[in-house]
Amino acid sequence: MKRKVLLTLLLCSFIFTASADEGMWLPSLISSRIKDMRSKGFRLTEKDIYDINRASLKDAVVLFGRGCTGELISPEGLLLTNHHCGYGAIQALSSLEHDYLTYGFWAQSRQGELPCEGLEVSFLVRMEDVTDRIATGQSEKEIIAAACKEGKGFYAQIENMYYGNQKFLFVYRRFTDVRLVGTPPSAIGKFGGDTDNWIWPRHTGDFSVFRIYAGADNEPADYSPQNKPYRPKRHFPISTKGVKEGDFTMIYGFPGNTQEYVISDAVDYIYNISDPMKIALRTKRLDIITKAQESDPKIRIQYAAKHASIANAWKKWQGEVLGIKRLGTLEKKLRYEQEFASWAASRPEYCHLLDSMKAAYNRNRGPYYIGELYAETVMTLELPKMAAMAAAGKSVVQLHKDFNLEVDRALAKAMLAEFVRLMPEGKLPEALEVKVAQFGSTDAYIDHIYNNSLCREAATAAQCDKSDPAAEFYAIVRKEYPSQYRVRNLSNLAEIQRWYRPYLKALMEWDGKRSFYPDANLTLRVAYGSVAGYEYADGEWHVPQTTIDGIIAKDNPEIYDYNVPQRLRDIYQSKDYGRHGVMIDGRKSVPVCFLATNHTTGGNSGSPIINGRGELIGINFDRTWRSTMSDVEFDPTICRNISVDIRYVLFVIDRIGGASYLFDEMTLK
Ligand code: ARG
Ligand code: ASP
């Protein structure tokens, strides 16, 4: 009996021990990993990664915009991130006359660099464990207020690690004068579009180039033509030597959200309830939008960005469901909990934990589901939202540019019908039921709204007031929308989350073999691994490097996502790759993307991926489809992150952009 328990314990810890490349580590605590990293090919020290007394790599990494990462690559504030991270800024700067999305943009001189209103980047100044200070009575507000006063542009946040067992202060310095230096055309930066999104083999040149500007004192300053390029403490040298299978890789960035320690109830909710509901609803929306796009080129453009963002998570969730199934995560979690329960049984401080957690899930699953249902149906409709904005005195002229009444009407009919169908008994807003009864059906009610709202057209939208039928609809659903349930994950609801604090503490006591790293929460992390292919299917191995030959193989002028720019075709024809040509498998080619085993998630887009010497070898931008369950369980045999090879970035800047003058300020190795 004893042996059996021991064996199961061993097995469990084997299953859940952070394996070779799992983990997103806090840079200030990286000393615990440095031995392992060095044994795998890392040549630098922990102080090179994070140091508050002298420049370290963290000073070359930024939080870019609202949820991406970027990296400094010159002493003059030059910055790289993904094309899909710069997309909003590039779109905002684009017009019919200057269509930078379609044709790309290269500044040619400092004067030509374009200010991006509203775009900001933040450097981590320092991080500090403040658990004890808070425990001894200091208030979080005080700590934050003091940190904000430390310097110009400073702001601070306190973030929970391990569900609050540790609390860390993060002090950031924000720069608000960020300018566009260059971007490839979408046919390179978004090559493969949604078709190839989350897919390997990949050929996307997903990068864009910006520059940070600062005041004469090199401190953060609002935009001014007098501002100077920011001189960072540190920037990444660039390796032009490339990588090969097995080489050490490290990713330094801002992963957004993982939940590796949740119990089976949470996995059950994700796998059986939430993901399937959201996938089905988005399938309906995407069908409607795609059909409209195919019928009208104007709609294709109007709904391109919306389609992309709906499809991105839609595809991710499908991969996640398959991954959880394939790994048997739910069953593994159940077994793990059983073992834990028998250990906890004799420990009064922990023995009731699982029961309390399960009870909390039972109470909160329903309301959280309703919140998700709102968010994925009625809250996605544009006409009601615009009407509410207009009624509040805001202009909706901009929004109308990318709005089609009939598309939104079709979406509204489908989503309201689903909202009613999927809503648990007795939970529909009463006012909505009255309206539907009054008009006879959900479709008839939607037609009434879409036929009569003054927000139908940009010209009359300003006259929208609270009595407008679309504004009224918005008010009805908004009123009952349980926004208090809109937290990152079900498990982050206060009533559930409070139990994870003692649970994690207990796990750390019980499961000594497991290496614990805090879940991602958009704070700076280090992930390390190596360049590696993987077995995609029985008998089908995916090699970790793609090349320009693969771009040309996908070339198809008939298909929007695969329409290769003529310039790239010409270069390929002539094989005149200049200094960018390398021998790959015995042929002269240009590398494009590569795979590695780093543990990443949303927010890691744009992150620097570096070799053992700390040189930039690429920019992270995606994972393979079958990796996406890594937000819940990481599987080292299959989870791969996708980066654009820095050699392709240099090739595009030089040969497509004609902007090789930028090389002068880089440190090329
Ligand atoms: N899947 C990547 C991420 O989650 C890239 C998304 C942008 N690309 C796209 N085709 N929608 O952000
Ligand atoms: N594409 C994601 C991002 O934008 C990265 C990922 O989910 O792997 O952050």
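What counts and how
- The residue numbers shown here count from 1 along each chain, following its written sequence.
- Lettering for chains starts from A, numbering for ligands starts from 1, and both go in the order in which the items are written.
- Confidence filtering applies because this is a predicted model: local features only for residues at pLDDT of at least 70, side-chain atom pairs given and counted only at 80 or more, and all residues used for totals across whole chains, interfaces and linings.
- To obtain the side-chain values, all non-hydrogen atoms of the structure were included, while hydrogens and water were left out.
- In this text, helices come from DSSP runs of H or I with a minimum length of four residues, and strands from runs of E with a minimum of two, each type numbered from the N-terminal end.
- Computation of the radius of gyration draws on C-alpha atoms, with the globule rule given as 2.2 Å multiplied by the number of residues to the power 0.38.
- Burial here depends on accessible area, computed with a 1.4 Å probe over protein chains only, as a share of the maximum for the residue type. Under 20% is buried, over 50% is exposed, and the range in between is partly exposed.
- Here a residue-residue contact requires only that any non-hydrogen atoms of the pair lie within 4.5 Å.
- A molecule or strand has a residue near it when one of that residue's heavy atoms lies within 4 Å.
- Any pair of N or O atoms that falls within 3.5 Å is considered a polar contact. Within protein, one atom must be able to donate a hydrogen and the other to accept it, and sequence-neighbouring residues count only if both atoms are side-chain atoms.
- To measure how exposed things are, a 1.4 Å probe is used in the Shrake-Rupley method; for residues, cover is taken only from the protein chains shown.
- Here the term charged refers only to Asp, Glu, Lys and Arg, the term nonpolar to Ala, Val, Leu, Ile, Met, Phe, Trp, Tyr, Cys and Pro, and the term polar to all other amino acids, Gly among them.
- Axis angles are defined between N-to-C directions and span 0 to 180 degrees, where every axis is a line fitted to C-alpha atoms and, for a helix, only to the segment in contact.
- Orientation labels follow simple angle bins: below 35 degrees gives roughly parallel, above 145 gives roughly antiparallel, 65 to 115 gives roughly perpendicular, and whatever is left gives oblique.
- Definitions for this section: a left-handed crossing has its near helix turned counterclockwise from the far helix by less than a right angle. A right-handed crossing has that turn clockwise.
- For two strands to pair, DSSP has to find at least two bridges joining them.
- The span expected for a helix works out to 1.5 Å for each residue beyond the first.
- Throughout, bend refers to the angle between the axes fitted to the seven residues that end at a position and the seven residues that start at it.
- We call a pair of cysteine sulfur atoms a disulfide whenever their separation is within 2.5 Å.
- One side-chain nitrogen of Lys or Arg within 4 Å of one carboxyl oxygen of Asp or Glu is enough to make a salt bridge.
- Here the aromatic set is Phe, Tyr and Trp, taking the six-membered ring for Trp, and pairing holds for ring centres within 6.5 Å; pairs whose planes are under 30 degrees apart are stacked, those over 60 apart are edge-to-face, and all others are tilted.

A look at the overall build of the protein
Step number 1: Along the backbone of the protein there are 25 helices and 22 strands.
Step number 2: Taking 669 residues into account, the globule formula puts the C-alpha radius of gyration at 26 Å, and the protein, at 26 Å, falls close to it.
Step number 3: For the protein, the C-alpha atoms occupy an extent of roughly 75 × 70 × 60 Å along the three principal directions.
Step number 4: By residue count, 58% of the 669 residues in the protein fall in the buried class.
Step number 5: Long-range pairs, those at least 24 residues apart, make up 77% of the contacts in the protein between residues at least 6 apart in sequence.

Topic: the site of ligand 1
Step number 1: Around ligand 1 sit H84, G193, D194, N197, W198, A308, N312, F621 and D622, and that is every residue in its neighbourhood.
Step number 2: Note that a nitrogen atom of ligand 1 is positioned 2.8 Å from one of the side-chain N or O atoms of D622.
Step number 3: Here ligand 1 has 340 Å² of accessible area as a free molecule, and 84% of this is covered by the chains.
Step number 4: Secondary-structure elements contributing two or more residues to the shell around ligand 1 are α9 (193-196), α12 (304-327) and β21 (616-623).
Step number 5: When its residues are assigned to classes, the shell around ligand 1 shows three nonpolar, four polar and two charged.

A short note on the packing of helix α10 (residues 264-295) against helix α17 (residues 405-422)
Step number 1: At a closest axis distance of 10 Å, the pairing of α10 and α17 adopts a crossing angle of 160°. Judged by the inter-axis angle, α10 sits roughly antiparallel to α17. When you trace α10 past α17, the crossing you get is right-handed. In contact with M277, L281, K284, R285, I288, I289 and A292 of α10, α17 contributes V407, A410, L411, A414, M415, E418 and L422.

Comments concerning the sheet that holds strand β16 (residues 545-547)
Step number 1: With antiparallel pairing, the seven strands of this open sheet are ordered in space as β13-β12-β20-β21-β22-β19-β16. The sheet terminates laterally at β13 (525-530) and β16, the two strands that pair on one side only. With strand direction ignored, the average angle separating the axes of adjacent strands in the sheet is 30°.
Step number 2: Pairing of strand β20 (residues 608-610) with β21 involves three bridges; the strand directions are antiparallel. By the bridge assignment, I609 is partnered in β21 with G618.
Step number 3: Contacting β12 (248-253) and β13, helix α2 (residues 31-39) crosses the sheet at an angle of about 20° to β13.

Quick word on the site of ligand 2
Step number 1: By nearness alone, every residue bordering ligand 2 is listed as H84, W198, T601, G602, G603, N604, S605, F621, D622 and R623.
Step number 2: The contact in question runs from an oxygen atom of ligand 2 to an N or O atom on the backbone of G603, over 2.6 Å.
Step number 3: Interatomic distance of 3.0 Å between a backbone N/O atom of F621 and a nitrogen atom of ligand 2.
Step number 4: Here ligand 2 loses 89% of its free accessible area of 270 Å² to cover by the protein chains.
Step number 5: Broken down by element, the shell around ligand 2 gets its largest block of residues, three residues, from β21.
Step number 6: Partitioning the shell around ligand 2 into residue classes produces two nonpolar, six polar and two charged.

Observations regarding the packing of α17 against helix α19 (residues 442-452)
Step number 1: Where α17 contacts α19, the axes come no closer than 9 Å and their chain directions differ by 145°. Taken as a pair, α17 and α19 cross one another with a handedness that is right-handed. Where α17 approaches α19, its residues L405, D408, R409, A412, K413, L416, A417 and V420 are matched on the opposing element by T442, D443, Y445, I446, D447, Y450 and N451.
Step number 2: A breakdown of the residues in the contact of α17 with α19 according to their chemical character gives eight nonpolar, two polar and five charged.

Side note on helix α14 (residues 353-376)
Step number 1: For α14, spanning 24 residues, the distance from its first C-alpha to its last is 33 Å, which sits close to the expected 34 Å at 1.5 Å a residue.
Step number 2: Its maximal kink placed at N364, α14 deviates by approximately 40°, while the proline P367 follows within four residues.

Describing the state of the cysteines
Step number 1: One pass over the structure, following the stated rule, counts one disulfide.
Step number 2: The disulfide that involves C68 links it to C85, with 2.1 Å between the sulfurs. Between C68 and C85, the disulfide has an S-S torsion of -75° and is therefore left-handed. With C68 in strand β2 (residues 68-72) and C85 in helix α4 (residues 83-93), this pair connects stretches of sequence that are 17 residues apart.
Step number 3: C593 takes part in no disulfide bond, and the closest cysteine sulfur, belonging to C85, lies 14 Å away.
Step number 4: The class for C593 is buried, based on a relative accessible area of 0%.

Observations regarding the side chain of T601
Step number 1: In this structure, T601 sits in the loop between β19 (591-596) and β20.
Step number 2: Given a relative accessible area of 6%, T601 falls into the buried group.
Step number 3: Within the structure, T601 has its side chain in polar contact with the side chain of D631 (distance 2.8 Å).
Step number 4: Ignoring any residue separated from it by four or fewer positions in sequence, one finds T601 in contact with M24, P255, G256, N257, T258, A520, R623 and D631.

Quick notes on the pattern of salt bridges
Step number 1: Taken as a whole and assessed by the stated rule, the structure comprises 44 salt bridges.
Step number 2: Between R179 and D177 there is a salt bridge, with the nearest N and O atoms lying 2.7 Å from each other. Here the two residues R179 and D177 agree in accessibility, since each one is buried.
Step number 3: As a salt-bridge pair, K358 and D265 come within 2.6 Å of each other at their nearest N and O atoms. Of the two residues, K358 is situated in helix α14 and D265 in helix α10; the sequence distance between them amounts to 93 residues.

Describing the packing of aromatic side chains
Two measures describe an aromatic ring pair: the distance that separates the ring centres and the angle between the ring planes.
Step number 1: Applying the stated criterion across every chain yields a total of 30 aromatic pairs.
Step number 2: Seen from their ring centres, F340 and Y503 are 5.3 Å apart, and the 80° between their planes marks the pair as edge-to-face. Placement of the pair is F340 in helix α13 (residues 329-344) and Y503 in helix α22 (residues 494-510), with a sequence separation of 163 residues. Like F340, the residue Y503 is buried in the burial classification.
Step number 3: Between Y648 and F651, the ring centres sit 6.0 Å apart and the planes meet at 20°, which makes this aromatic pair stacked.

Everything listed here is a matter of geometry and, on its own, says nothing about what the molecule does.
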